[in-house]
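# Descriptive structure summary
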Amino acid sequence: MVACPWGAGAADAVARGAYLAGAAGCDQCHSDTEHGGQPYAGAPPFPTPYGRIATPNLTPDRATGMDGWTLANFTRAVRWWVSPDDSHYVPSFPYLYYNRLTDGDLADLKAFLDNLPPVSRRDLEGADSTALVARARAALAVALTPLPGGWRPDPAKDPVWNRGAYLVASVGRCGDCHTPRNWLGISDSERFLAGSPVGPDGKKVPNITQDTKTGIGNWSEQDIVGVLTDGHTPDFDFVAGPMAEIVKNTMRLTEEDRRAIAVFLRSVPAKPFARSQ
């Protein structure tokens, strides 16, 4: 586990960025682990609702990576999902959540990525193109989704609650799976975390609001921390599927950050399971 040096000086920006990248699981999508690829160097095309898309090379390679990107380029891509050439990326990337990253965290993430060893991936060139209709649908989804920008803490809440809310809203991206979407891929903010009939693997995604019938209203704070630590649930089972992959990220968090997430989730108003999309 990487200890997060919150409050450290600017010299530790790379370490802070590494912590955030680990919490977000950037390496899971942007590494071709199946074929022994280098971390963050991109991965071959995979099927999405918007066509087959390759994950980009995030290393500072001049020809095929992000060498030459400014912090403004990086912020625009991650927060607003617009590439340096002004084209929209597709919503398979959780831009709705990374939009909430603070300016400081975005700068730290870029510092970490800039310090990775450059890897050339010419085999991925052109692999991220999709059909025109898919690109148009993606642009429409971005245009219609409210994007508030960098996170601002709630002054009425304590620091622990605010930290948990921030992690859920940004790198934790809990709502990406646990909130239902419409046909454009836009999350339904009225049913935030109320579960989804169809998740990334085509199966139902649980309700994680405080609803006692269909959600986690009967879970304790420690129950939630347990799931985030190693995937074990209160009924002596272990999570599987996409959530098992998420646990690989949350287990990298500090105990304090996992508990902050639990505190926030325990405050989410109860909503019944979202049975339709």
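The preceding data block contains the structure.
To start, this report covers the structure provided alongside it. All figures in this text were calculated on a predicted structure; none of them were measured in a lab.

Definitions and limits used
Residues numbered from 1 in each chain as written. Predicted model: local features only at pLDDT ≥ 70, side-chain atom pairs only at ≥ 80, totals over all residues. Heavy atoms only, no water. Helix = DSSP H or I, 4+ residues; strand = E, 2+ residues; numbered from the N terminus. Polar contact = N/O pair within 3.5 Å; in protein donor to acceptor, adjacent residues only side chain to side chain. Core = buried A, V, L, I, M, F, W, Y, C linked by side-chain atoms within 4.5 Å. Buried < 20%, exposed > 50% of the residue type's maximum accessible area, 1.4 Å probe, protein only. Contact = heavy atoms within 4.5 Å. Salt bridge = Lys/Arg side-chain N within 4 Å of Asp/Glu carboxyl O.

### Considering the environment of Arg-16
Take Arg-16: it is sitting in helix H1 (residues 13-24). When the C-alpha atoms of Arg-16 and Gly-104 are compared, they prove to be 9.9 Å apart, with 88 residues separating the residues in sequence. Within the local environment of Arg-16, its side chain forms a polar contact with the side chain of Asp-108, the two groups lying 2.8 Å apart.

### Here we look at the nonpolar core
Tyr-40, Leu-101, Leu-113 and Leu-265 are the most contacted members of the largest nonpolar core, which has 45 residues in total. Listed by contribution, the elements that provide at least two residues to this core are H1, helix H3 (71-80), helix H4 (95-98), helix H5 (103-114), helix H7 (159-169), helix H9 (221-230) and helix H11 (255-265). Broken down by element, the residue count for this core peaks at six residues, all from H7. Sequence-distant contacts of Leu-113, that is, excluding residues within four places in its chain, are made with Tyr-40, Leu-58, Pro-60, Met-66 and Phe-74.

### Things to note about the pattern of salt bridges
This structure, assessed with the given rule, holds 13 salt bridges. Two residues, Arg-62 and Asp-67, come together in a salt bridge whose shortest N-O distance is 2.9 Å. Close ionic contact of Arg-79 with Asp-103 constitutes a salt bridge, the shortest N to O distance being 3.0 Å. Of this pair, Arg-79 sits in helix H3 while Asp-103 sits in helix H5, placing them 24 residues apart in sequence. Members of the salt-bridge network, linked through shared partners, are Glu-221, Glu-255, Arg-258 and Arg-259.

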